[in-house]
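Secondary and tertiary structure notes
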Amino acid sequence: MAFKKSSVVLSVLLSVCFLFTACTSGQGAQSSADKKEDSLQRVLTAGKLTVVGSGGYPPFNYIDDGGNVVGFDVDVGKEIAKRMDVKLDYVTGEWSGLVEGLRSGRYDGILGSMAITDERLQSVNFTIPYYYSGAQLVVRNDSKVKDAGEMKGKTIAVATGTNYEQDAKSLGAKTSLYDDDNSTMLELISGRVDGVITDRLVALGAIEKMEKGKDLTLSGNILRLEKMGIAINKSDTALLDKMNEIVQKMHDDGTLTTISKKWHNGADITIK
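Residues numbered from 1 in each chain as written. Predicted model: local features only at pLDDT ≥ 70, side-chain atom pairs only at ≥ 80, totals over all residues. Heavy atoms only, no water.

Further remarks concern the overall build of the protein. In terms of helices and strands, the protein carries nine helices and 12 strands. The 272 residues of the protein split such that 46% are buried. For the protein, the share of sequence-separated contacts (at least 6 apart) that also reach a separation of at least 24 residues comes to 69%. About 14100 Å² of surface is accessible on the protein, with carbon and sulfur atoms providing 52% of the total. (Helix = DSSP H or I, 4+ residues; strand = E, 2+ residues; numbered from the N terminus. Buried < 20%, exposed > 50% of the residue type's maximum accessible area, 1.4 Å probe, protein only. Contact = heavy atoms within 4.5 Å. Areas by Shrake-Rupley, 256 points an atom, 1.4 Å probe, with all protein chains shown as cover.)

A separate point is the nonpolar core. Counting 48 residues, the largest nonpolar core has Ile80, Met84 and Tyr130 as its most contacted members. Top contributing element to this core by residue count: helix α8 (residues 237–252), with seven residues. The contact partners of Met84, leaving out residues within four places of it in the chain, are Leu40, Val43, Leu44, Leu49, Leu239, Met243 and Ile246. Ranked by size, the runner-up nonpolar core spans 12 residues in total, among them Ala157, Leu188, Ile189 and Leu216. (Core = buried A, V, L, I, M, F, W, Y, C linked by side-chain atoms within 4.5 Å.)

Along the chain, Ser39 turns up in helix α1 (residues 2–46). Beyond its immediate chain neighbours, meaning those up to four positions away, Ser39 contacts Asp236, Thr237, Ala238 and Leu239. From its side chain, Ser39 meets the backbone nitrogen of Leu239 in a polar contact 3.1 Å long. (Polar contact = N/O pair within 3.5 Å; in protein donor to acceptor, adjacent residues only side chain to side chain.)

Here it is as structure tokens:
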């Protein structure tokens, strides 16, 4: 009789355990599904999209005389936020720390003219490209260097954490690292370095707008084509999907072209 009673108790306990496990599994699956939506819902609930750039990369993102962050990247961000029905919170930080800042959750994305590379794709995801450009060598007008292949042994200034450092090394040049391209161009103008490698459009903007920028010139053709995307955290798949949808629509309806022409003297950098 005692044995029969124990069997009944055991059966009841097993049934309870089974039901608890099934409920827990169902809740886990639901949590997993919800988690996929968390990144997009996080932005919608907050009512703002927080993205970051270096703030020292004119005409893409830079600080104007009034202390505001402006530029091509900023306007792209404003349009994306508008289409998400949230406000844009565009912040700045040192370029070398942007990826870690994104991964730690300080930003929803990096919208700062970041090139899509295999190395970066190991750490973050990227949207489809929102514009295209290329790496360009800049020298002083009085330089004897007429082509990038002549930079072996010379010193090239680049912004820390950019792919341009590898470009300089591939030319056999020494590298000198700076926080942003305002600093690299000033070093070149002053004659403390032999060249700068940066985005071709940034170089053209510096030549046109910087004091003594006319002392600088482009040397040769672009070193390589770059595709620029918005970096998104690996876990933020729902936000990535939404951003891709919006960026594609901005390509299709001509909005990206309009923003490009505003900041690049009528040039459309949103197509290859």
